[in-house]
Amino acid sequence: MVFNRIAVLAVSKPLVFKAEQSMASELPTDRTSYRRASTRKGDIVFVVNPKGANGRTGKEWKKLVPYLRSRLDGVYNICESFTSGPSHAIDITREAIREGADGVIAVGGDGTLHEVVNGFFWGGKPVAAEDQEATHTTALGLIPLGTGSDFARTFGWKNDPHDAIERIVKGQKSRIDVGVINGESGEPHYFINVADIHLSAKAGYYASQYKRFGNLCYVIGALRGFVGHKNQDLRIKVNGGEWEIFPQVTALCIGNAKFFGGGMKITPNADPCSGDFEVVILQDFKWYDFILKLHKLYQGTHLAEKNVHSRSVKTIEVEEITGGGSIYVQSDGEHLGFLPRKFCVLPAAIEMLC
Ligand SMILES: Nc1ncnc2c1ncn2[C@@H]1O[C@H](COP(=O)(O)OP(=O)(O)OP(=O)(O)O)[C@@H](O)[C@H]1O
């Protein structure tokens, strides 16, 4: 894989912190990545999606930099790297880990976090520092500045970047689980929040086209998702057991954490430190069920409904019974393709600043 290089911005003397100056209105045209600062104070790499939340992330980040500098200067080298487009955060993260960064912080929404998490892996294995003598691992961090920022909700984190910086300063870490998704071919794909199938995934696919409307994008996405929607019979295999048939599935959601779709508590018992996913299957929902039961989905009280099934799993395979690969799959709000897919939990796979 070829990496191009982007500016490295470090606060430590003699290096000059250039974060404010670099926040140009134009993005760098070359796709470049993180390079380690020369002093060995410990590097924290901030992977900033300037286009997150319809450009709000870039503006908020610019305002945040002086505060960040005041809180972290003297403790860490602060390195910032702006993403130039989709998937760039993956490359930046891999390079930062190989170079021995102490932390990689996703600055943006769940999509940016998702890409940073994918950067912790390569070729089906965790990425490691090139320096064989490195004694630390790279921790994942998050400054939630996206449209939905659903992952942060599980931890009860407010959408306040100053709080997020305090978490980085405190340096308290927990190991959290990551989900891995395998398809019929290709590289495994990783997720940290919720992976979901069918109507919700189709709605998410459309919602991503309306992010300029803020949280309203999820309503628009759901309305568009309903057009032509049909509940489908699906076959699932849990923890390597027997295949089971679930008729008339509206959506199947695999939660490593609890929230998706801009605050819906879809998998209310999921816990990213548990070593298990919570799987929630909605069956035979009609459009009016969403109107009548929407408040329950937001409160996480929908599990008591008779056509909602929930269970704790370590692996789940999902297939269509009939049909030709038209059932949408998304992970962490990012479109991933279509069924079939296999989802496995990787317990305690990443150390997170939380
Ligand atoms: N420079 C860029 N220009 C355009 N798109 C980008 C750029 N960098 C990253 N992206 C893409 O932007 C998408 C959305 O980013 P992000 O998740 O940060 O914000 P959001 O969608 O507003 O928030 P949320 O996912 O929490 O709703 C990601 O899928 C990512 O691939």
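The shown structure was predicted, so the numbers you read here are calculated from the model rather than taken from an experiment.

Rules used in this analysis
Numbers given to residues run from 1 along each chain, matching the order in which its sequence is written. The model is predicted, so local features are restricted to residues of pLDDT at least 70 and side-chain atom pairs to those at 80 or more, both for listing and for counting; the totals for chains, interfaces and linings are taken over all residues. Side-chain numbers come from the whole structure's heavy atoms, not from hydrogens or water. Per the convention used, a helix needs a DSSP run of H or I reaching at least four residues, while a strand needs a run of E reaching at least two, with both numbered from the N terminus. The rule is simple: take the accessible area with a 1.4 Å probe, protein chains only, and divide by the maximum for that residue type; under 20% is buried, over 50% is exposed, in between is partly exposed. Contacts are residue-level and defined by heavy atoms, with any inter-residue pair within 4.5 Å sufficient. Residue-level accessible areas treat just the shown protein chains as cover; the underlying method is Shrake-Rupley with a 1.4 Å probe. Every patch collects residues that have over 30% relative accessible area and no salt bridge, joining them within 9 Å if they carry like charges and within 5 Å if they are nonpolar side chains (Val, Leu, Ile, Met, Phe, Trp, Tyr). The term salt bridge refers to a pairing of a side-chain nitrogen on Lys or Arg with a carboxyl oxygen on Asp or Glu at a separation within 4 Å. In protein, a polar contact requires one atom able to donate a hydrogen and another able to accept it; more generally it is a pair of N or O atoms within 3.5 Å, and residues adjacent in sequence count only if both atoms are side-chain atoms. In this description, a line fitted to the C-alpha atoms serves as the axis of each element, helices being fitted only across the stretch in contact, and the angle between N-to-C directions of two axes falls anywhere from 0 to 180 degrees. What sets the label is the angle itself: under 35 degrees gives roughly parallel, over 145 gives roughly antiparallel, 65 to 115 gives roughly perpendicular, and the rest give oblique. With the far helix as reference, a near helix turned anticlockwise by less than a right angle produces a left-handed crossing, and one turned clockwise produces a right-handed crossing. Each residue is assigned to one of three groups, with Ala, Val, Leu, Ile, Met, Phe, Trp, Tyr, Cys and Pro labelled nonpolar, Asp, Glu, Lys and Arg labelled charged, and all others, Gly among them, labelled polar. When at least one non-hydrogen atom of a residue lies within 4 Å of a molecule or strand, that residue is treated as near it. For the purposes of this description, domain bounds are those given by an automatic or database domain assignment. pLDDT gives the predictor's per-residue confidence on a scale running from 0 to 100. Criterion used throughout: strands pair if DSSP finds at least two bridges between them.

**Section: the overall build of the protein**
Along the protein, the regular secondary structure elements total nine helices and 17 strands. Counting across all 354 residues of the protein, residues that qualify as buried make up 54%. Long-range contacts, defined as pairs at least 24 residues apart, comprise 75% of the intrachain contacts of the protein with a sequence gap of at least 6. Here the protein displays about 15,400 Å² of accessible surface, and carbon together with sulfur accounts for 51% of that area.

**Observations concerning a nonpolar patch on the surface**
A surface patch of nonpolar side chains, about 390 Å² in accessible area, is lined by F213, L216, V219 and L223. Mapped onto the elements of the fold, V219 is located in helix α8 (residues 216-226).

**Some points on the side chain of H229**
If you trace the backbone, H229 turns up in the loop between α8 and β10 (232-238). In terms of polar contacts, H229 uses its side chain to reach the side chain of N231, at 2.8 Å. Setting aside its immediate chain neighbours within four residues, H229 contacts H198, L199, K202 and T250.

**Things to note about the pattern of salt bridges**
Applying the stated criterion to the full structure yields eleven salt bridges. The salt bridge partner of R311 is E244, with a shortest N-O separation of 2.8 Å. In this pair, R311 sits in strand β13 (residues 308-313) while E244 sits in strand β11 (residues 243-255), placing the two residues 67 residues apart along the sequence. Judged by its relative accessible area of 22%, R311 falls in the partly exposed class. In this structure, K293 and D289 form a salt bridge, with 3.5 Å as the shortest nitrogen-oxygen distance. Within this pair, K293 and its partner D289 are both found in helix α9 (residues 287-299), separated by four residues, close to a single helical turn. Residues joined by salt bridges that share partners form a network here, namely D289, K293, K296 and E305.

**A closer look at the packing of helix α7 (residues 199-207) against α8**
Two elements in contact, α7 and α8, have axes separated by 7 Å at closest approach and are oriented at 125°. Considering the angle they form, α7 stands oblique to α8. Between α7 and α8 lies a crossing whose hand is right-handed. Residues L199, K202, A203, Y206 and A207 of α7 form the contact with α8, whose own contacting residues are C217, Y218, G221, A222, R224, G225 and F226. The residue makeup of the contact of α7 with α8, split by class, is eight nonpolar, two polar and two charged.

**Focus on the site of the ligand**
Around the ligand lies a shell of 22 residues, among which T83, G111, T112, E115 and T147 are the nearest. Contact distances for the ligand include 2.7 Å between a nitrogen atom and a side-chain N or O atom of T83. In isolation the ligand exposes 640 Å². Once the protein is present, 85% of that is buried. Here the element with the most residues in the shell around the ligand is helix α4 (residues 110-119); it accounts for four residues. Of the residues that make up the shell around the ligand, three or more belong to each of domain 1 (19-171) and domain 2 (189-348).

**Some thoughts on the environment of G261**
Locating G261 in the fold gives a position in the loop between β11 and β12 (277-283). Spatially, the C-alpha atoms of G261 and A207 are 8.9 Å apart, while their sequence positions differ by 54 residues. If we skip the residues at most four places from it in the chain, G261 touches D150, Y218 and Y298.

**Some remarks on the confidence of the model for the protein**
Overall, the predicted model of the protein reaches an average pLDDT of 88, with 88% of residues at or above 70. Every residue in residues 1-32 is under pLDDT 50, and counting partners more than four places away or in other chains gives 85 contacts.

**Quick look at the pairing of strand β7 (residues 173-182)**
By the bridge criterion, nine bridges tie β7 to strand β17 (residues 341-353) in an arrangement that is antiparallel. Its bridge partner being in β17, R175 is matched across the sheet by E351. Where β7 meets strand β8 (residues 189-191), three bridges bridge the pair, whose relative direction is antiparallel. Residue pairing for β8: V180 is matched across the bridge by Y190.

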